[in-house]
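# Report on the structure
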Amino acid sequence: MKEDNGQGDIETIDSDSVSVTAAGGAIRVEGAEGAEAEVYSLSGALHYRGTDSTIALTRGIYIVKVAGTTTKVIL
């Protein structure tokens, strides 16, 4: 959905449509095309920041923040 805030168009993403899953050694982000995702370890270290929909990482437990949602993922 695009909104006009008087400064131009802003792309907004409905956080209810965002899905974060783990499979095959990777985290998959769906429903948030173009949104920046951040992936953190449980200790708070940033492991990834970007807009890829598939994020390959080593086995572990991660916190994924994308489009206003935060999800814990186990690889």
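Residues numbered from 1 in each chain as written. Predicted model: local features only at pLDDT ≥ 70, side-chain atom pairs only at ≥ 80, totals over all residues. Heavy atoms only, no water.

Before going further, it helps to examine the overall build of the protein chain. Tallying secondary structure elements over the protein chain gives 0 helices and 9 strands in all. Listed N to C, the secondary structure of the protein chain is β-β-β-β-β-β-β-β-β in terms of helices and strands. The buried share of the protein chain, taken over its 75 residues, is 29%. A fraction of 38% describes how many contacts in the protein chain between residues 6 or more apart in sequence connect residues 24 or more apart. Of the roughly 4,900 Å² that the protein chain leaves accessible, carbon and sulfur atoms contribute 47%. (Helix = DSSP H or I, 4+ residues; strand = E, 2+ residues; numbered from the N terminus. Buried < 20%, exposed > 50% of the residue type's maximum accessible area, 1.4 Å probe, protein only. Contact = heavy atoms within 4.5 Å. Areas by Shrake-Rupley, 256 points an atom, 1.4 Å probe, with all protein chains shown as cover.)

Read across the sheet, 4 strands follow the order β6-β5-β8-β9 without closing on themselves; strand pairing throughout is antiparallel. What marks the edges here is a single partner per strand, and that holds for β6 (46-50) and β9 (69-74). Direction aside, neighbouring strands of the sheet carry axes that sit 15 degrees apart on average. Examined bridge by bridge, strand β8 (residues 61-66) and β9 share 6 bridges and lie antiparallel to one another. Bridging from a neighbouring strand, tyrosine 62 pairs with valine 73 of β9. (Pairing = 2+ DSSP bridges. Axes fitted to C-alpha atoms, helices over the stretch in contact; angles between N-to-C directions.)

Another point: the pattern of salt bridges. Within the structure shown, the criterion is met by 3 salt bridges. With a closest N to O distance of 3.3 Å, arginine 28 and glutamate 30 form a salt bridge. Across the pair glutamate 36 and arginine 49 runs a salt bridge, and its minimum N-O distance is 4.0 Å. Taken together, the residues glutamate 36 in the loop between β4 (26-30) and β5 (37-41) and arginine 49 in strand β6 connect sequence positions 13 residues apart. (Salt bridge = Lys/Arg side-chain N within 4 Å of Asp/Glu carboxyl O.)

Below, the discussion takes up the sheet that holds strand β3 (residues 19-23). The 3 strands are arranged β3-β4-β7 in an open sheet whose pairing can be described as antiparallel. A single partner strand is all that each edge strand has here, and the edge strands are β3 and β7 (54-56). Sheet twist, expressed as the average angle between the axes of neighbouring strands with direction ignored, equals 20 degrees. With 5 bridges joining them, β3 and β4 adopt antiparallel strand pairing. When the sheet's bridge partners are listed, threonine 21 is paired in β4 with arginine 28.

Right, let's get into unusual backbone geometry. Even without a glycine there, the phi angle at alanine 67 is positive, about 50 degrees. Inspection of the secondary structure assignment puts alanine 67 in the loop between β8 and β9. Using a relative accessible area of 21% as the deciding quantity, one classes alanine 67 as partly exposed.

This is a description of form; function is not addressed.
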